[in-house]
Amino acid sequence: MTGWDTVGRAEGLEVRRGPGQGPALVAVHGIEDSWGVWRALAEQLSGYRLYALQLPWHGGNSYAWRGEGSPGEWLRRALELVPERPAALLGHSFGANAVLEYLATCEGDPGIGAAVLAAPFYCPADFPVSPSIRTRSEGALRKVINQGVGIALGPRSATLDPDILAVMKHKACERTVASGLPVFYREFEASGKFDLSRIEVPTLVLAGVDDESLTPMRAAALDRAMPAATVRLRAAYGHFCHVMQAQELGREADAFLRRTLLNPHVPVEFQGEGTVTNLLDGAPTTYVGMPRYEGANIRTWIGFKHFMYLAEEAVLEYFRERGVGARDMYHRFGLGLEIVDSSVQLPATLFVDDRVYATVVSATPKPGQGAPFTITLTVERDGEAVTVLKGKLRVALIAVKDGSGTEPVPAILEPFVVPEVAALVNAKSASMPIAPGQDVADVLVPEGSGAYLWSWRAPYPYCHFSDRLQHSAYVRTLEEVVDRFLHDRGLAIGKLLNERAWIPVVSRARVQMLSDIFMEETVHTVFTIEDVIKDTVYTARMDCYVQRGDSLELAATATIMHGYAISRGEKAGTVAILDEDVKAVLLGGQA
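Residues numbered from 1 in each chain as written. Predicted model: local features only at pLDDT ≥ 70, side-chain atom pairs only at ≥ 80, totals over all residues. Heavy atoms only, no water.

Chemist: Sorry, what's going on with the pairing of strand E3 (residues 24-28) here?
Modeler: Along a regular strand, successive side chains alternate from one face of the sheet to the other. Where burial is concerned, most of E3 is hidden: 5 out of the 5 residues are buried. Side chains Ala24, Val26 and Val28 project from E3 onto one buried face, and the interleaved Leu25 and Ala27 project onto a second face that is buried too. As paired strands, E3 and strand E4 (residues 49-54) are joined by 4 bridges and run parallel to one another. Across the sheet, residue Val26 finds its bridge partner in E4, namely Tyr51. Between E3 and its parallel partner E4, the chain crosses via helix H1 (residues 39-44), and the hand of that crossover is right-handed. As judged from the 4 bridges shared by E3 and strand E5 (residues 88-92), these two strands associate in the parallel manner. Following the sheet pairing, Ala27 is matched in E5 by Leu90. (Buried < 20%, exposed > 50% of the residue type's maximum accessible area, 1.4 Å probe, protein only. Helix = DSSP H or I, 4+ residues; strand = E, 2+ residues; numbered from the N terminus. Pairing = 2+ DSSP bridges. Right-handed = clockwise from strand over helix to strand, strands pointing away.)

Chemist: Explain the confidence of the model for the chain here, please?
Modeler: When pLDDT is low, close inspection of the predicted coordinates is not appropriate. Summary statistics for the chain give a mean pLDDT of 89 and a share of 96% for residues scoring 70 or more. Low pLDDT (under 50) marks residues 265-276, which in the prediction has 13 contacts with non-local residues, meaning those over four places away or in another chain. (pLDDT = per-residue confidence, 0-100. Contact = heavy atoms within 4.5 Å.)

Chemist: Please explain the sheet that holds E3 as it appears in this structure.
Modeler: Where strands meet in a sheet, backbone hydrogen bonds hold them as pairs that are either parallel or antiparallel. Strand order in the open sheet made by the 8 strands is E1-E2-E4-E3-E5-E6-E7-E8, with mixed pairing throughout. With partners counted over all chains shown, the strands left at the sheet margins are strand E1 (5-10) and strand E8 (229-234), one partner each. Between one strand and the next, the sheet's axes are offset by a mean angle of 20°, whatever the strand orientation. Direction of pairing for strand E2 (residues 13-17) relative to E4: antiparallel, over a ladder of 4 bridges. (Axes fitted to C-alpha atoms, helices over the stretch in contact; angles between N-to-C directions.)

Chemist: What's the story with the pattern of salt bridges in this structure? I'm lost.
Modeler: Pairing between side chains of opposite charge can happen when the charged atoms of each approach one another. What the rule picks out here adds up to 32 salt bridges. Among the ionic pairs, Glu174 bridges to Arg142, the shortest N-O distance being 2.8 Å. A residue pair is termed long-range when its members are at least 10 positions apart, and Glu174 in helix H5 (residues 162-190) and Arg142 in helix H4 (residues 131-153) qualify at 32 residues. Under the relative-accessibility criterion, Glu174 is labelled partly exposed at 33%. (Salt bridge = Lys/Arg side-chain N within 4 Å of Asp/Glu carboxyl O.)

Chemist: I keep staring at the side chain of His92 and nothing clicks. Help me out?
Modeler: Tracing the backbone through its elements, the reader meets His92 in strand E5. Not counting chain neighbours up to four residues away, the residues in contact with His92 comprise Val28, His29, Gly30, Trp38, Ala118, Ala119, His239, Phe240 and His242.

Chemist: For this particular structure, what's the right way to read the packing of aromatic side chains?
Modeler: Here a ring pair, both rings aromatic, is described through the centre-centre distance and the interplanar angle of the planes. Scanning all chains against the criterion turns up 16 aromatic pairs. Relative to Tyr564, the ring of Trp502 has its centre 5.1 Å away and its plane inclined at 35°; by these criteria the two rings are tilted. Remark: Tyr564 occurs in strand E24 (residues 551-566) and Trp502 occurs in strand E21 (residues 502-513); sequence separation between them is 62 residues. Assigned by exposure class, Trp502 and Tyr564 land together as buried. (Phe/Tyr/Trp six-rings, centres within 6.5 Å; stacked < 30°, edge-to-face > 60°.)

Chemist: What am I meant to see in the environment of Ala358 here?
Modeler: For Ala358, the position within the fold is in strand E13 (residues 356-362). Counting along the chain gives 72 residues from Ala358 to Thr286, while the straight-line C-alpha distance between them is 5.4 Å. Setting aside residues up to four positions removed in sequence, Ala358 forms contacts with Thr285, Thr286, Tyr287, Ala314, Thr376 and Leu377.

Chemist: Help me understand empty space enclosed by the protein, please; the structure alone is not making it clear to me.
Modeler: Empty pockets left among the atoms are what a rolling probe the size of a water molecule brings to light. Across all of its chains, the model carries 3 cavities of 30 Å³ or more by this definition. Taken as a whole, the second largest cavity encloses approximately 60 Å³ of empty space. Forming the walls of the second largest cavity are Met308, Tyr309, Ala311, Glu312, Ile339, Ser342, Val344, Leu393, His471, Ser472 and Val475. Ranked by the residues each element gives to the lining of the second largest cavity, the list is headed by helix H9 (residues 304-321), at 4 residues. By residue class, the composition of the lining of the second largest cavity is 7 nonpolar, 3 polar and 1 charged. (1 Å grid on protein atoms, 1.4 Å probe; cavity = no way out; pocket = protein on both sides within 12 Å on 5 of 7 lines; lining within 4 Å. Points joined across faces, edges and corners; volume = space filled by probe spheres on them. Nonpolar A, V, L, I, M, F, W, Y, C, P; charged D, E, K, R; others polar.)

Chemist: What exactly am I supposed to notice about the side chain of Arg234 here?
Modeler: Position of Arg234 among the secondary structure elements: in strand E8. For Arg234, the side chain forms a polar contact with the side chain of Glu252, separated by 2.9 Å. Those residues in contact with Arg234 that sit more than four places away from it in its chain are Ala207, Gly208, Val209, Glu252 and Glu321. (Polar contact = N/O pair within 3.5 Å; in protein donor to acceptor, adjacent residues only side chain to side chain.)

Chemist: What should I look at first to understand the layout of surface pockets in this one?
Modeler: There is about 1,500 Å³ of room inside the second largest pocket. As for the second largest pocket, its lining consists of 43 residues, of which Gln147, Met244, Gln245, Arg355 and Tyr357 are closest to the centre. Among the elements of the structure, H4, H5, helix H7 (241-244), strand E9 (285-289), E13 and strand E14 (371-381) are those that each provide at least two residues to the lining of the second largest pocket. By residue class, the composition of the lining of the second largest pocket is 19 nonpolar, 14 polar and 10 charged.

Chemist: Looking at this structure, I do not really get the packing of helix H2 (residues 71-79) against helix H3 (residues 94-105). What am I missing?
Modeler: Axis angle and axis distance: for two packed helices, these are the angle between their axes and the distance between the axes, and together they describe the pair. As a packed pair, H2 and H3 sit with axes 8 Å apart at the nearest point and diverge in direction by 85°. When the axes of H2 and H3 are compared, the pair comes out roughly perpendicular. Taken together, the residues of H3 that come into contact with H2 (itself represented by Pro71, Gly72, Glu73, Leu75, Arg76 and Leu79) are Phe94, Ala98, Val99, Glu101 and Tyr102. Its residues assigned to classes, the contact of H2 with H3 shows 7 nonpolar, 1 polar and 3 charged. (Parallel < 35°, antiparallel > 145°, perpendicular 65-115°, else oblique.)

Chemist: Is there a simple way to think about unusual backbone geometry in this case?
Modeler: Most of the time, phi is negative for any residue but glycine, and the peptide bond is trans. Of note, the phi angle at Ala119 is positive, near 55°, even though the residue is not glycine. For Ala119, the position within the fold is in the loop between strand E6 (114-118) and H4. The residue Phe465 is not glycine, and still its phi comes out positive at about 60°. Secondary-structure assignment places Phe465 in the loop between strand E19 (463-464) and strand E20 (468-469).

Encoded structure:
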């Protein structure tokens, strides 16, 4: 048999056998779903023979089945129909809870070598159950049903009239909430009452960081309650990760199953998964995010600053996935995670509500220069993945001044620890003396320089570690000093938007920290236009200084490539041409 053939059937139950040869896996679907949802993952697990169960909580059911048995009891009946002994169980969502119940209540050895559970709904026994939690659970269930309708429709959902699709989702939600929510919530509450400590089957639990089925707090509780479980939260996984992230989940599940089934007596934590030995391991980390609403300043376009914020979030996720997130590093090791250099190209636009997919990969480090990474941000448009950012970032780990660390710095972090930003070997700072009778402006923007000076106080919202300006402060400063410069020269953004329909476009930017500026110090920011290229873009440099005694210390530097696009009229969407008057103003004159 090469297709998905029916090999077992009883009232309310069906067993389908899929293609493939190897150890048998039995897959248990979620609420309002069906056996067919496992096709995508089966392709990734071609080294196994997959049996997919059709269970009474399938789509469109009446939920009367609950009067004839719990999910775990129904699973036990279904397993009796499988024609061979399964090596492992797979479960998703409500089905994952059914697997947990089955394993926790099974009398004797269940004869299962492993289990992989995706997005279970787990409620710790001591979790406070309240009306607000029930309301939140209803919202989570509605979200699951809405997503499930789209997945069940597949490519058809993109061709349906949006109003029709909305009606379909609404009807599915109303029916399921009316009859299914009581059952769903009952099993959610019951999940923490099973004695999961008696389960000896090695179990891999996977879920998304932002999936409400298993929040980080409840995931930690599950990990404590079930010693046989390895619980991992991934930024890229959604609730239907076994479908939408089938390749990634399949890779994780396959690696776990191979190790566990081949070495059943070796605890999971000692099979190469428990300890990170190399911070820059070359393995990609993914992150899914959305630009903040704050960045939609002109129509629904997102400004360059928020591209860079998303890149920063992706790098933070890289550290979290390796068990050394920024919070842990601060409190455990007394280290501040500092992005010290970011260089980005922005080949395409980003809009509010875009879902952004980030990929972070470590690069080859050089001694004393921090931990380097490459980053790509993409969005999906018109059936294609569109790259909106290509970038490089470097991270240094700064010894924080309050010495809050309670543990020694681990070996994987030591190569990237420095006492201050200026200690990095590539942080080429510089000092400019202030002669008697001179002020800051005399030194930084002498007459004829064409440069623009803006001095400002370093406020605490721009700082971190209760101490110093962080990288994003300089990104904000770069955006603001451009705006201030243009306004000062008579080329204000609002003026050009109203008079010429020009909107600002940034195609490249780089921000590098060279030394530290501390909270409440005055930052002297110099902005200089360097060149106009092909009458379409200009390049500029920003330098940030802080006065220490009788000299000005260069603490950060940045570059930007800036142009304009036409937003309305016959030429809407085209690049604006900088005329001679505009170029003259940019290079030193006034409008």
